[in-house]
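Results of the structural survey
For reference, the chains in residue letters:
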Amino acid sequence: MSTNRLSDGMAAALNAQMTKEAHAAQIYLAYAAWLDDKGYDGMANFLFRHAHEERNHMMKFLEYILQRGAKVRIEAIPAPGEEPKNVNDCFEKFFQQEVDNTQAIYMLVKKSFDEGDWATWHFLQWFVKEQVEEETLAMNLLDRIKIAGGEKASNDALYVLDRDLKDEPDEAELAQEATAENP
Ligand code: FEO
């Protein structure tokens, strides 16, 4: 008697997403190392922390697949790709990576809906919320880089941003969570 509670297709899709989260961690590690090499320790620190968060996402998928009695398949992680051209490009790539990941999560949500796999649908809602958080974080960062001059940002402006990012919280404050009492 099988105790596997995931369809073969769902198990394969969740395993693929697990690897995608690990890939995001590799990408952010590469960007963080690039930033550190250029002297932007604060921005590097931010992306090192974020790489760690992606590893945690990977583990969430791994644990869920095991919990549902399906097989975890650890695959090779693709290379992180090209180095950023400048700080603006680095954070545009960061934003795009998060948007791509949101699309992948939405595909999984749709699949769980189509299969009537409500346990997986429920599990994925945490990621739907998390992606709003991460896209907001990336958008806010990009806004600040654009204000600093985007691709033409001065060293002074980048210095201030780098200093601010060193200790900045990794969680973005979501507009929809603001209230009149707590704007
Ligand atoms: Fe795991 Fe940044 O999404």
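Remember, predicted model here, so these are calculated numbers, not experimental data. (Residues numbered from 1 in each chain as written. Predicted model: local features only at pLDDT ≥ 70, side-chain atom pairs only at ≥ 80, totals over all residues. Heavy atoms only, no water.)

1. Re the overall build of the chain
A tally of helices and strands in the chain yields five helices and zero strands. Overall, the C-alpha framework of the chain stretches about 65 × 45 × 25 Å when taken along its three principal axes. Burial status across the chain gives 43% buried among its 183 residues. Within the structure as shown, the chain displays about 10300 Å² of accessible surface, and the carbon and sulfur contribution to it stands at 54%. (Helix = DSSP H or I, 4+ residues; strand = E, 2+ residues; numbered from the N terminus. Buried < 20%, exposed > 50% of the residue type's maximum accessible area, 1.4 Å probe, protein only. Areas by Shrake-Rupley, 256 points an atom, 1.4 Å probe, with all protein chains shown as cover.)

2. Section: the environment of Lys93
Tracing the backbone shows Lys93 in helix α3 (residues 87–115). Judged by its relative accessible area of 22%, Lys93 falls in the partly exposed class. A sequence separation of 66 residues divides Lys93 from Ile27, and the C-alpha atoms of the two residues are 9.6 Å apart. Leaving out residues up to four positions away in the same chain, Lys93 has contacts with Tyr31, Glu82, Glu83, Pro84 and Lys85. (Contact = heavy atoms within 4.5 Å.)

3. Structural notes on the nonpolar core
By size, the foremost hydrophobic cluster in this structure holds 26 residues, and its most contacted members are Leu35, Met43, Leu47 and Phe91. Put simply, the parts of the chain that give this core at least two residues each are α1 (8–37), α2 (41–67), α3, α4 (118–147) and α5 (155–165). The residues contacting Leu47, other than those within four sequence positions of it, are Tyr28, Tyr31, Ala32, Leu35, Cys90, Phe91 and Phe94. Ala22, Phe61, Leu62 and Leu124 belong to the second-largest nonpolar core, a separate cluster that totals 18 residues. (Core = buried A, V, L, I, M, F, W, Y, C linked by side-chain atoms within 4.5 Å.)

4. Notes on the environment of Arg55
Relative to the helices and strands, Arg55 resides in helix α2. Between the alpha carbons of Arg55 and Glu133 there is a distance of 17 Å; along the sequence they are 78 residues apart.

5. Re the packing of aromatic side chains
Here the structure, examined in full by the defined rule, presents 10 aromatic pairs. Ring geometry for Tyr28 versus Tyr31: centroids 6.5 Å apart, planes at 50 degrees, classification tilted. Of this pair, Tyr28 and Tyr31 both sit in helix α1, separated by three residues, roughly a single helical turn. Exposure remark for Tyr28: the relative accessible area of 0% places this residue in the buried category. With a relative accessible area of 6%, Tyr31 lands in the buried category. Aromatic ring contacts, followed pair by pair, group Tyr28, Tyr31, Phe46, Phe91 and Phe94 into a single cluster. Sitting above the plane of the Trp126 ring, Lys60 keeps its charged end 4.2 Å from the centroid. (Phe/Tyr/Trp six-rings, centres within 6.5 Å; stacked < 30°, edge-to-face > 60°. Lys NZ or Arg CZ within 6 Å of the ring centre and 35° of its normal.)

6. Describing the side chain of Glu98
Here Glu98 lies in helix α3. Buried charge without a partner: Glu98 forms no salt bridge, and the closest opposite charge is Lys20, 9.4 Å away. (Lys, Arg positive; Asp, Glu negative; His and termini not counted. Salt bridge = Lys/Arg side-chain N within 4 Å of Asp/Glu carboxyl O.)

7. Here's the deal with the pattern of salt bridges
Counting across every chain of the model gives five salt bridges. A salt bridge links Glu92 to Lys146, with the nearest nitrogen and oxygen atoms 3.0 Å apart. On the criterion of sequence distance, the pair formed by Glu92 in helix α3 and Lys146 in helix α4 is long-range, its members being 54 residues apart. Salt-bridge contacts for Lys111 lead to Glu115; the nearest nitrogen and oxygen are separated by 3.2 Å. Of the two residues, Lys111 and Glu115 are both situated in helix α3; the distance of four residues between them amounts to about one turn of the helix. Classification of Glu115 as partly exposed rests on a relative accessible area of 36%.

8. Some points on the packing of α2 against α5
Running from amino to carboxyl end, α2 crosses α5 at an angle of 40 degrees, the nearest separation of the two axes being 6 Å. Comparing their axes, α5 and α2 come out oblique. For the pair α2 and α5, the crossing hand works out as left-handed. Contacts between α2 and α5 involve Asp41, Gly42, Met43, Phe46 and Arg49 from the first element and Leu158, Leu161, Asp162 and Leu165 from the second. Split by residue class, the contact of α2 with α5 holds five nonpolar, one polar and three charged. (Axes fitted to C-alpha atoms, helices over the stretch in contact; angles between N-to-C directions. Parallel < 35°, antiparallel > 145°, perpendicular 65-115°, else oblique. Left-handed = near helix turned anticlockwise from the far one by under 90°. Nonpolar A, V, L, I, M, F, W, Y, C, P; charged D, E, K, R; others polar.)

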